[in-house]
Each structure stands twice: as C-alpha cells, then as structure tokens.
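Chains, contacts and geometry: an overview
Listed below are the residues making up each chain.
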There are 2 protein chains.
Amino acid sequence: MPLTRRQFSKLSALSLGAAHVPWALAGQEPPRIGYCVIGLGRIATHFLEGVKNSQHSKITALVSGHRDKAERIAAQYGVPRESIYSYEEFDRIAQNKAIDAVYVALPNSMHAEYTIRSAKAGKHVLCEKPMAISSAECQQMIDACKTAKVKLMIAYRLHYEPITLKTLEIVRSGRIGPLQAMEAANGFSIKFGEWRYTKALGGGGSLFDVGIYCLNAFRMFAGQEPSGFQGEVATIDRDERFKEVEENVSWLLRFPSGALATGASTYGGDMAGFYRLHGAYGWLQVGTYTYQGQHLQGRYAEEPHRDAKRIDIDETSQEKDPMHFVREADHFSQCILQNTQPNTPGEEGLSDLRCIEAIYKAAGAPLHV
Amino acid sequence: MPLTRRQFSKLSALSLGAAHVPWALAGQEPPRIGYCVIGLGRIATHFLEGVKNSQHSKITALVSGHRDKAERIAAQYGVPRESIYSYEEFDRIAQNKAIDAVYVALPNSMHAEYTIRSAKAGKHVLCEKPMAISSAECQQMIDACKTAKVKLMIAYRLHYEPITLKTLEIVRSGRIGPLQAMEAANGFSIKFGEWRYTKALGGGGSLFDVGIYCLNAFRMFAGQEPSGFQGEVATIDRDERFKEVEENVSWLLRFPSGALATGASTYGGDMAGFYRLHGAYGWLQVGTYTYQGQHLQGRYAEEPHRDAKRIDIDETSQEKDPMHFVREADHFSQCILQNTQPNTPGEEGLSDLRCIEAIYKAAGAPLHV
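Every value quoted in this text rests on a predicted model; they were computed, and no experiment measured them. (Residues numbered from 1 in each chain as written. Chains lettered and ligands numbered in written order. Predicted model: local features only at pLDDT ≥ 70, side-chain atom pairs only at ≥ 80, totals over all residues. Heavy atoms only, no water.)

A word on the relation of the copies chain B and chain A
Expressed as a screw operation, the relation of chain B to chain A combines 0.0 Å of axial shift with a rotation of 180 degrees, fitting to an RMSD of 0.0 Å. Seen this way, the second copy is the image of the first under a two-fold rotation axis. When C-alpha distances to the rotation axis are compared across chain B, the minimum falls at Thr262 of chain B, with a value of 2.9 Å. Of all interface residues in chain B, 98% are interface residues in chain A too; the two copies therefore contact each other through one and the same surface. (Least-squares fit on C-alpha atoms with pLDDT ≥ 70 in both. Contact = heavy atoms within 4.5 Å.)

Considerations on the packing of helix 9 (residues 206–222) of chain B against helix 11 (residues 346–362) of chain B
Residues and elements named next belong to chain B. It is at 10 Å that the axes of helix 9 and helix 11 come closest, and there the two elements cross at 110 degrees. Overall, the two elements helix 9 and helix 11 adopt an arrangement that is roughly perpendicular. Along this stretch, helix 9 crosses helix 11, giving a crossing that reads as right-handed. Contacts between helix 9 and helix 11 involve Leu207, Phe208, Ile212, Leu215, Asn216 and Arg219 from the first element and Glu348, Ser351, Asp352, Leu353, Cys355, Ile356, Ile359 and Tyr360 from the second. (Axes fitted to C-alpha atoms, helices over the stretch in contact; angles between N-to-C directions. Helix = DSSP H or I, 4+ residues; strand = E, 2+ residues; numbered from the N terminus. Parallel < 35°, antiparallel > 145°, perpendicular 65-115°, else oblique. Left-handed = near helix turned anticlockwise from the far one by under 90°.)

Overview of the layout of surface pockets
Residue and element names in this part refer to chain A. The space that makes up the second largest pocket amounts to roughly 970 Å³. Lining the second largest pocket are 37 residues, with Arg42, Phe188, Arg196, Asp209 and Tyr291 positioned closest to its centre. Mapped by element, the contributors of at least two residues to the lining of the second largest pocket are helix 3 (42–52), strand 7 (179–187) and helix 9 (206–222). If one sorts the elements of the lining of the second largest pocket by residue count, helix 9 sits on top with three residues. The class makeup of the residues in the lining of the second largest pocket is 14 nonpolar, 13 polar and ten charged. Each of two domains, domain 1 (5–157 + 325–344) and domain 2 (162–318), supplies a minimum of three residues to the lining of the second largest pocket. (1 Å grid on protein atoms, 1.4 Å probe; cavity = no way out; pocket = protein on both sides within 12 Å on 5 of 7 lines; lining within 4 Å. Points joined across faces, edges and corners; volume = space filled by probe spheres on them. Nonpolar A, V, L, I, M, F, W, Y, C, P; charged D, E, K, R; others polar. Domains from an automatic or database assignment.)

Focus: the domain arrangement of chain A
Residues and elements named next belong to chain A. You can read the domains of chain A as domain 1 (5–157 + 325–344) and domain 2 (162–318). For domain 1 versus domain 2, the distance between C-alpha centres works out to 28 Å. Each partner contributes to the interface: domain 1 provides 15 residues, whereas domain 2 provides 15 residues. When domain 1 packs against domain 2, the two sides together hide about 1,300 Å² of surface, and 56% of this comes from carbon and sulfur. Remark: the boundary between domain 1 and domain 2 carries one salt bridge. Taking the shortest distance from any N to any O, the salt bridge between Asp209 and Lys129 comes out at 3.9 Å. Across the domain 1-domain 2 interface, the total number found is nine residue pairs in polar contact (both at pLDDT 80 or more). Looking at the side of domain 1 that touches domain 2, the elements with two or more residues in it are helix 3 and helix 10 (323–338). For the side of domain 1 that touches domain 2, the leading source of residues is helix 3, giving three residues. (Buried area = accessible area lost by both parts, 1.4 Å probe. Salt bridge = Lys/Arg side-chain N within 4 Å of Asp/Glu carboxyl O. Polar contact = N/O pair within 3.5 Å; in protein donor to acceptor, adjacent residues only side chain to side chain.)

Digging into the pattern of salt bridges
According to the stated counting rule, one finds 40 salt bridges over all chains in the structure shown. Between Glu89 of chain A and Arg92 of chain A there is a salt bridge whose closest N-O contact spans 3.6 Å. On the basis of relative accessible area, Arg92 of chain A is assigned to the partly exposed category, the value being 45%. Note that Asp237 of chain B and Arg241 of chain B form a salt bridge whose closest N and O atoms lie 4.0 Å from each other. Look at Arg241 of chain B and you get buried, because its relative accessible area is 1%. Residues joined in a network through salt bridges with shared partners are Lys129, Glu194, Arg196 and Asp209 of chain A. (Buried < 20%, exposed > 50% of the residue type's maximum accessible area, 1.4 Å probe, protein only.)

Structural notes on empty space enclosed by the protein
Across all of its chains, the model carries two cavities of 30 Å³ or more by this definition. As a volume, the largest cavity reaches approximately 90 Å³. For the largest cavity, the full set of lining residues is Tyr156, Arg157, Leu158, His159, Thr164, Tyr213, Asn216, Ala217, Met220, Phe221, Tyr275 and Tyr289 of chain A. Of the residues forming the lining of the largest cavity, the biggest block, five residues, is contributed by helix 9 of chain A. Counted by class, the lining of the largest cavity contains eight nonpolar, three polar and one charged residues. Quantified by volume, the second largest cavity comes out at close to 70 Å³. If you go around the second largest cavity, the residues you meet are Tyr156, Arg157, Leu158, His159, Thr164, Tyr213, Asn216, Ala217, Met220 and Tyr275 of chain B. With four residues, helix 9 of chain B is the single largest residue contributor to the lining of the second largest cavity.

Quick notes on the sheet that holds strand 6 (residues 152–154) of chain B
By way of backbone hydrogen bonds, the strands of a sheet pair with one another, either parallel or antiparallel. All names here are of chain B. As summarised here, the arrangement of the six strands in space is 3-2-1-4-5-6, forming an open sheet in which the pairing is parallel. The open sheet has two edge strands, strand 3 (84–85) and strand 6, and neither has a second partner. In this fold helix 3 (residues 42–52) packs onto strand 1 (33–38), strand 2 (57–63), strand 4 (101–104) and strand 5 (124–127), with an angle of close to 145 degrees to the strand it touches most, strand 2. (Pairing = 2+ DSSP bridges.)

Considering the pairing of strand 11 (residues 274–279) of chain A
Residue and element names in this part refer to chain A. Burial of strand 11 is extensive: six of the six residues sit out of reach of the surface. The two faces of strand 11 match: Phe274, Arg276 and His278 on one face and Tyr275, Leu277 and Gly279 on the other face are all buried. Bridge count between strand 7 and strand 11: six bridges; the pairing is antiparallel. Counterpart to Ala181 in the pairing with strand 11 is His278. With five bridges connecting them, strand 11 and strand 12 (residues 282–287) associate as antiparallel partners. Paired with Leu277 across the bridge in strand 12 is Leu284. Where strand 11 folds back on strand 12, the antiparallel hairpin that results is connected by two residues.

Considerations on unusual backbone geometry
All names here are of chain A. Omega for the bond connecting Lys129 with Pro130 falls within 30 degrees of zero, at -10 degrees, which places this linkage in the cis form. Along the chain, the position of Pro130 falls in the loop between strand 5 (124–127) and helix 6 (135–147). With omega at 10 degrees, the peptide bond leading from Gly287 into Thr288 counts as cis. With a phi close to 55 degrees, Lys149 is a non-glycine residue in the positive phi region. Judged by its relative accessible area of 72%, Lys149 is exposed. One non-glycine residue, Asn339, lies in positive phi territory at about 50 degrees. The residue Asn339 is located in the loop between helix 10 and helix 11 (346–362) in this model.

See below:
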C-alpha cells in the first residue's frame, strides 16, 4: 500500500536512509510514488515501460490532448479513467491524492509552464531535458518548486546508466589523470513534420535536443562549469526543416582546470553519438547516447601516475531499454520518500541552458534577442 | 641501372605515364630516385626502411651532425662513406650526381632553410610535416623550388595510406552524403628533453606536430579551405615541457560548404588519435594516425540518397610499417620520373600553416608577434 502524501512528508522529515525505512524493517511492500505523465509522446512510452518495471514508482494519472490514445495507454498501465486529464483540466491534478509527482514529457517550450503549474498543484516534478528553452525559465522553475516545497529533478537518464557511472568513477579515481581534452558528438536526421525543428516548440536546433547530451557529459566529467565558450551554427540542407532552427551546432569549451572540450550536434545525419575523454594517463570513449548498449572502451593507468602499467577496457552494457528509465524514476521516487536531493536537480538543467545560451551567443546567433 | 639526372629530365619532359615508360616496355629494372636523408631522427628511420622496400627509390646520401651514427646507418643501407655530409658540408650535395632528391627530416624550424638550400643545390625536396613554422616560410620554400625548377612535396604519409584513401573515396562518392560535422583528436605524452616542446625548434605546441594530422584530414575530406577559425590553447601540467609551448590546442573550423569541424591535440596524454566524419547519409571513423593498423568503421548509404539501405563497414589495414613510407617515397619518385605534380605539394603544407596561424590567432595566442 502506498503511503499518503502526509505520511511521505512525515517520513521525509525524518530523513531516513532507504535501508532503514520502517516498511523495509517490517518486511512490507515498499511504497511507490504515483506519477502523472504529462505528454504521451515517444519518450513517455519509455518512461511508462520503465515505471512498470520499477520498485518505487507507479503510474497513477495521464495528461494528454488525445483522449483515445490516453484511454488506451491508461488501460495498458492500470490508470483509472478518472485520472486522465486534458490540458484544459490540468490544474485539477492538485486534488488527485494518487499523484505525488509529475513527469513532464512535453515539447521543450512547454516544460517551464507545466513544471510551474505542477509545483503550484503541490506535486514533485521530474522534467525532461532540455529543462526549458532559456536559463530565465529554468530559474523560474527552480524558484516555483522551492516556493511550493516540492522536489525538482531533470531527467538526465545517463546519470543513472551503469556504464556512464563506471566511466565517471574511473575519471574521479584519477586513473586517467587530469582531463586534458574531451570530444563528443550526437545527432540524427530529423524527420519532416517533427515539432523539434520549430523555434516555438523546440526553442532551437540540434544542440537543445541531442547536443545537450555531449554538453552535459563534458560538465559531468570536468566536475566544474565551463568558463570559455566558442561556437558555430550552420545549415547545409536547405529544406523546410531548417527554416527556423539551424541544422548543425559545434562548440568549443574551456574549463577553469584548463581542460578543453569540443562538441558537435546535427539534425541532418546519423551521428552515432560518442564522447571521448583524454587524461594525462589514459583515455576513455563511450558510445552511445541511445537507450541501451552503452559501450565503454579505453586504456588507462593501473595506478594514478604517468608511468603505471596500462589497463585496456572494453565493456558493453547488457541492460536493455527501459532500464535507464527504471533507475531514473526510482531515484526520484527515493529522493521524495527519503527527502534527499536528486543527483540531477533543476540547477543541473539551468547550467546546461546557460551553456547553450553562451554557445549560441558566441556563434553570433543569440537565442533571445 | 638508375638513369642520370639528364635522362630523368628528358623523360619528364615527355610526361609519360608509369605504364608506358621505356624501361617497363623493355623489361628493364625500373629506375630509382636517389635520396639524401637530412636528419637521422626517429621519422628518418621509418623512411630509410620504407625506401629499402620501395620500387623507385633508394638512399644515396646522408646528412647528420653525428658522424658515428651516420656511418652505422650508411653501412646498413649501402650508402658510400663519401656521401655522408655534416651540416657544415651540406651545400656540397649539389656536386653529388647520385642525389636526385632530399628528404628533410629535421626539427620543424629547420625545414625552410634546408628545403631552400636543397633547391638551390638542384635537388627535388620531400619535406616532413609541418612544412615550416610559418606560412611566410612555406611561401619562400615554394618560391625557391619553383625558381630552381625542382619538385616539392610535403610528407603527409596518410595521403598514401590505403584505409585513408578508401575513406576519401567513400566520401567523394557521396555515399555518406554532404559532410555536416567532423571531429578529430591526436596527441601523446611528450618525454622530457624532446626538441619538439621548444619554440625555437618546434615552432609551437601539439598542433604543429600531431594536431596537424587532424587539421589536414579535415581539409582533405572537406575538399576545400576553411573560412572560419576558433581556437583555445591550454596548459595543465606546469612542468618544464610547457614553458615555451602550450600543452593542448582545441579548435573549431567552418568550411564554406557549411561543414563544421572540431579538433583537439595534446602533448600531455595518449590520445588514441581518430577522426570522425558525419554526413547526411552515414558516418565514418578512422583510428589512428600511427604507422600501421589504420581502422575504418562506419555505416553509410548503399546508394547516395537518404533512404538507401545502410552498409556497415569495419576494416583494418593489414599493411605493416614502413608501407606508408614506401608508398610516399615511390609517389614522389614517380612524380620526378614522370614530371607530374605530387598529391601533397608545398601548397598543401602552406594551407595547413595558414590554418595553424589562424587557430592560434583566434585562441588569443598569435605565433608571430
């Protein structure tokens, strides 16, 4: 039996660790956070499948502009018909006690509005990346969640993916030495008719949607915020997809440590996304940013010094989609249950948006003029 | 029996193709161009081994400041003792009829002087990369060779490497579509005591020595000269290696086609060099810039259009070191024998130096102040 919001709050106040929560001691079924999924596009279907396989999460409501689609999905995931909302009815989620949190899976430009309205409805918010289409919106979202005393997490799924975490552990251990340079790319050939290539919904081109994975990886592995930004935007395919947003963005970042990072993103070709990390004593490469099959290769020092014996690494994740989403949802659920800070809070999304704005500005194509 | 220089000139004037030269028709041993190797460092040993295995080249003289070393190498490669020159005696190579061409394998800052002196001695010049330490020097070298009516080729060995050429053929065929973005990196951890990290001999940091491979690849695959340059230089390891030159250089190029390219080079870590090419219909990656074992991976369209079936490629060169150098030396020898233009003339080296200067300038670290 899931706890009520009041019970969660009480438990949260105690700040108990997962291993010590009362139901675990009593051998009871662990409580589950009830999620309302807002927007039933492609990414939402991965999340729905993820939650179905999770330990601490469940789907309790849906928001969609397409009643038929919503009813079909509701039946599939055991959501009561009365917990299906249209966008017009959205604010009524406040009265639904089965909704503890929302998952915002809308087009980029709608993230801010629905995050803020969800916070006002007293619901915790798990919001897809990019967090919003401007850093100003991100700040408003953070402020709204703080005021409403709800948690805010950005769905950077790779922060919950084991190969990515293993790579981070190797970097933090010092085994590849201080980072010197990083390279990354991500992109795909966007289909005609997608909302992503409209300025109104996507906010910008490929950097917002797919380049952000590279950017976020750079910041994660550097462990600090970049202090220098250079960029270029370009469009080669002169078709209707690129009337409002650019096709390609490449950028060059400088970190205070001295590490340099170069990234590229496209909406005009399958990039087979990757990132590469070069340290003084070794290197690591991870491909790709997809939903499964992360592949880590590299060669690094056995001990953290330049002359140590080198170790070769070649490891592919055996986890299948939607395991990213299982881990992501359960992380946020446990943060709510235990009143802890998510690993990827709103501030993480805000930092990426600040970088995106700085890159576009450096490219001579400022986003907000 | 090799032909005399007069005989070469006569043949050259006829501009005959390799398959139609008289000795081939007469079933004779093909003539060989006699090379004088200037500088007996690491790269020269690869070249010496390459020429030993070549069809149209032979080593006929050596220039070195170390008589003992030169005598040992001369004995190994069948060079007469009287064809060993010190740097003081250098200009006497003009009188040595067995020398048709020189191979300049000196530190970067000495390339211009010895290329120009070789041209004045009437010898064709094969010069290592980087061609020189400034574009002004490159222009002087081109002019000197033109005045002396000798050929000038820059030793961009990967232009004579089969996997690189296969990659170029795929790109030119249109099978990966118009290039959208390219990424590359190359670097190594430089040993204490190397001439490369002095401004006087190296001219600059890692971009001159190893980043130039990435830069040259970008220009080769784009098939045009970049029109936009951004860059950053950085030093993390505060040791004596980086008192005069920087450790890391990263850069961002824009080509007139719209293609963007991001590259990185280091003297502070083993980078496991690679380049990646992203087109509208596929991608290719080649690793590495080493002397053997080039590895091409990718996925591209069977026919040159977006919806064509995709083909996976995974191919590793079986050629061993020094095959690059065999092909490189024989290409230049055939250009001399047949009076044709080398695939990598002085203008190719000049273009790279112009880019290097533009990158350093963009990075706020101009080379020539």
